[in-house]
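The chain contents come next:
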Amino acid sequence: MMDVAELIAAARNGHTRAAGRLLSLVESGRRDEVLAQVGPASVPVIGVTGPPGAGKSTTIAVLVGAYRQRGQRVAVLAVDPSSPYSGGALLGDRIRMAAHINDPDVLIRSVATRGHLGGLSAAVPAAIRLLGALSYDVVLLETVGVGQSEIEIAAVADPTIVILNPGAGDAVQAAKAGLLEVADLVVINKADRDGAAQTVRDLKAETHVPVLTLVAARAEGIDELLDAIDAHRRADTPARRTAKARALVLSLAQSRLQTHPDLPSLAEAVADGRCDPYGAAERLIAQADSAGI
């Protein structure tokens, strides 16, 4: 079996199995070992979220094709709420992704959330850094479903694209779930259906971000989406990057506190009235600090 250095060398030479093995390691207790050897790296991340059935997988498949036409190496991470091996919404969609499955310059991976509060796996930032170090040019990050758990994607992705369908239902649910608050781009997929124009008008009244139309199944509107992604990146600012980094740090810190061994006993003390929640929170932070967590 190859060691980490050998896996890194193989992955940089285009061996997707070696890259997959390294991704498994950053989901394990060997994360720090891998990251120490690859060093610092960054890569553009495009987040794609939205309700089930909106066409996230189809949109991602078309985006993969578009970036491959540009000659770029593409990695796809599907955040799976259960297991990295169960397939997830994207990986289970073999028909739409069939054109890319055997492309050595396309890596497709499902990543487990492993109970991380907020839904985004604590391993995802490490996986993104690894993929940047392995010379991938862009990462497409998909979250499954819709709700508070998907909002966290905005901490690591830029832009965050919310995919919706024509009709009032998706737009209303997206607003209730807070997705429009974190969306950098809103895309109405299946825009050839009735009600698309009205949905666009409704959404433009609800959000200040660009609202685009797309028929992903026919790749109609993909050039406009790529232009919007590029324009968003050009308009980025240091203050905005710092705000996103702050959200990411807080998210990962919350994840670490959630697994602290003293949390169950502190929660029991609060429930029994032996401790107030404010004091329990202070003790949890202090104990995490003393333990180096």
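Residues numbered from 1 in each chain as written. Predicted model: local features only at pLDDT ≥ 70, side-chain atom pairs only at ≥ 80, totals over all residues. Heavy atoms only, no water.

Attention shifts here to the packing of aromatic side chains. Enumeration according to the criterion identifies zero aromatic pairs in this entry. Above the plane of the ring of Tyr136 lies Arg73, whose end atom (NZ or CZ) is 4.1 Å from the centre. (Phe/Tyr/Trp six-rings, centres within 6.5 Å; stacked < 30°, edge-to-face > 60°. Lys NZ or Arg CZ within 6 Å of the ring centre and 35° of its normal.)

With that out of the way, let us pick up unusual backbone geometry. A cis amide bond, omega 10 degrees, links Asp158 with the succeeding residue Pro159. Along the polypeptide, Pro159 turns up in the loop between helix H8 (148-151) and strand E5 (160-164). Unlike most non-glycine residues, Lys190 shows phi in positive territory, near 55 degrees. Considering the arrangement of structural elements, one finds Lys190 in the loop between strand E6 (185-188) and helix H11 (196-206). On the accessibility criterion, Lys190 (22% relative accessible area) is partly exposed. The backbone phi angle of Ala219 is positive, close to 60 degrees, even though this residue is not glycine. Looking at the secondary structure, you find Ala219 in the loop between strand E7 (211-213) and helix H12 (222-234). (Helix = DSSP H or I, 4+ residues; strand = E, 2+ residues; numbered from the N terminus. Buried < 20%, exposed > 50% of the residue type's maximum accessible area, 1.4 Å probe, protein only.)

The subject of this paragraph is the pairing of E5. The buried fraction of E5 is high, at five of five residues. Alternating positions in E5 separate into two faces, Thr160, Val162 and Leu164 on one and Ile161 and Ile163 on the other, with burial throughout. Of the strand pairs in this sheet, strand E1 (residues 45-49) and E5 are connected by three bridges, and their pairing is parallel. When the bridges of E5 are listed, Thr49 appears paired with Val162. (Pairing = 2+ DSSP bridges.)

Where helix H1 (residues 4-12) meets helix H3 (residues 31-38), the axes come as close as 10 Å, and the angle between the chain directions of the two elements is 55 degrees. In terms of their interaxial angle, H1 and H3 are classed as oblique. The element H1 and its partner H3 pack so that their crossing is right-handed. Every residue of H3 that contacts H1 at Val4, Ala5, Ile8 and Arg12 is listed here: Glu33, Val34, Gln37 and Val38. (Axes fitted to C-alpha atoms, helices over the stretch in contact; angles between N-to-C directions. Parallel < 35°, antiparallel > 145°, perpendicular 65-115°, else oblique. Left-handed = near helix turned anticlockwise from the far one by under 90°. Contact = heavy atoms within 4.5 Å.)

A few words now on the pattern of salt bridges. Using the criterion set out here, one finds 11 salt bridges in the structure. Residue Asp105 pairs with Arg73 through a salt bridge whose shortest N-O separation is 3.2 Å. Residue Asp105 is located in the loop between helix H6 (94-101) and strand E3 (106-112), and its partner Arg73 is located in the loop between helix H4 (56-69) and strand E2 (74-80); the two are separated by 32 residues in the primary sequence. The partly exposed category is assigned to Asp105, whose relative accessible area is 24%. The class of Arg73 is buried, set by a relative accessible area of 11%. A salt bridge links Glu220 to Arg218; the shortest N-O distance between them is 2.8 Å. With a relative accessible area of 49%, Arg218 lands in the partly exposed category. Taken together, the salt bridges that share partners define one network made up of Arg68, Arg73, Asp103 and Asp105. (Salt bridge = Lys/Arg side-chain N within 4 Å of Asp/Glu carboxyl O.)

Formed by 35 residues in total, the largest nonpolar core has its most connected members in Leu22, Val34, Leu77, Leu130, Leu134 and Leu141. In terms of residue count, helix H7 (residues 124-133) provides more of this core than any other element does, seven residues in total. (Core = buried A, V, L, I, M, F, W, Y, C linked by side-chain atoms within 4.5 Å.)

Here we come to the environment of Leu284. Inspection of the secondary structure assignment puts Leu284 in helix H15 (residues 277-290). Here Leu284 falls in the buried class, since its relative accessible area comes to 11%. Each C-alpha atom, one on Leu284 and one on Leu266, is 7.8 Å from the other, the two residues being 18 residues apart in sequence. Apart from residues lying up to four places away in sequence, Leu284 is in contact with Leu257, His260, Leu263 and Leu266.

By the secondary structure assignment, Leu252 is in helix H13 (residues 238-258). Sequence separation between Leu252 and Ala123 is 129 residues; the distance between their C-alpha atoms is 9.6 Å.

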